[in-house]
Amino acid sequence: MTDLEALVVAAYVFADDYPVPPRCGRPALVADAELVALAVAQAAIGISSDRQFLGLIGRVLPGWFPHLPEQSQYNRRLRGLVELISIVQQRPARLLDTGGVRLSDGTLIGVANYPGCAQHSEFAGFARYGYAKSQHRFVYGVRLVLLTDERGLPLGYTVVPANDKEYEPLADLLTGTPAEIVIGDKGFWGRDYKARLQAGGTTLLTPDKTRTAANLGRERALASTRLVIESVFSNLKEQMRLERHLAKTPAGLAVRIAQRILALTLAMLLNTLNGRPARALAAYDGR
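Conventions adopted
Residues numbered from 1 in each chain as written. Predicted model: local features only at pLDDT ≥ 70, side-chain atom pairs only at ≥ 80, totals over all residues. Heavy atoms only, no water. Helix = DSSP H or I, 4+ residues; strand = E, 2+ residues; numbered from the N terminus. Buried < 20%, exposed > 50% of the residue type's maximum accessible area, 1.4 Å probe, protein only. Contact = heavy atoms within 4.5 Å. Lys, Arg positive; Asp, Glu negative; His and termini not counted. Charge placed at Lys NZ, Arg CZ, Asp CG, Glu CD. Pairing = 2+ DSSP bridges.

Chemist: Sorry, what's going on with the overall build of the protein chain here?
Modeler: Counting secondary structure elements, the protein chain contains 10 helices and 6 strands. Structurally, the protein chain occupies a C-alpha span of about 65 × 50 × 35 Å along its principal axes. When burial is assessed residue by residue, the protein chain has 48% of its 287 residues classed as buried. The long-range share in the protein chain, meaning contacts at least 24 apart out of those at least 6 apart in sequence, stands at 62%. Put simply, the protein chain has 34 plus and 27 minus side-chain charges, and the middle of one group is 5 Å from the middle of the other.

Rendered as structure tokens:
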């Protein structure tokens, strides 16, 4: 069995564990668990176009999905399964999570990009303009805020407008995933905010505003640890093509984020079981 095949099987098995309420009418030819498995395969291969993916998967995994849905049906049904995809992701995450230090950071994801998109696109009222330091420009989009363990295992995430601070998203994530220590970047600076988290039992560690000889060792250690979550964003945005997601609506973007985080989590589970580096994803692209 290839690594991609093992990833698809894992997605199907975890998704099939969750009972789905019966629907009226004729049963669908493609079960919900099969759709989740397809979504994970799409994320691992790194194809953003649903039409292109459905045309390719029959050759990559011949005979695995005898009843592939049409592109419009595939997109529509996945949008209805985004909650299931998120729930499925939590089980392998819990199996892998060993507690300890957490990492948190946010990254911008651009959405509609044309004149007047802030008023006329499907993202109007949901996305905002935020400054992307790596691109030295303002980007119309959303901010993905992620909470991981020290290996980069996704433990929780949320999506907010691009110009929102990361204070409230992290506080919300910690209500569902308590942590004693969270390492963040300078976006979490704030004495009152640190005190607020401390009152809830969480110590927030961030870089000092100035680097001196006295704190050089601490600063280097924090920077080295924060590189893990930066690597996770690279996995999601570059290798899995989240940066070029092709979503036209907030619901479509939610699916594309959820399927990639599920694929990353399952890949980390399989890598851990096989004794490989946790985020080594190249083996799962189907090539």
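Chemist: Would you explain the pairing of strand β1 (residues 102–110) in this entry?
Modeler: Along a regular strand, successive side chains alternate from one face of the sheet to the other. Across the 9 residues that make up β1, a large majority, 9, are buried. The side-chain alternation of β1 yields two buried faces, one formed by R102, S104, G106, L108 and G110 and the other by L103, D105, T107 and I109. The sheet contact formed by β1 and strand β3 (residues 137–149) spans 9 bridges and is antiparallel. Bridge assignment links L108 to a residue of β3, and that residue is R143. By the bridge criterion, 2 bridges tie β1 to strand β5 (residues 181–183) in an arrangement that is parallel. If you follow L103 over to β5, its bridge partner there is I183.

Chemist: What should I look at first to understand the pairing of strand β4 (residues 154–161) in this one?
Modeler: Where β3 and β4 come together, 7 bridges link them in antiparallel fashion. Residue L146 lies in a different strand from β4, and its bridge partner there is Y157. Following β3, the chain reverses through 4 residues before pairing antiparallel with β4; G152 in that reversal takes a positive phi of roughly 95°.

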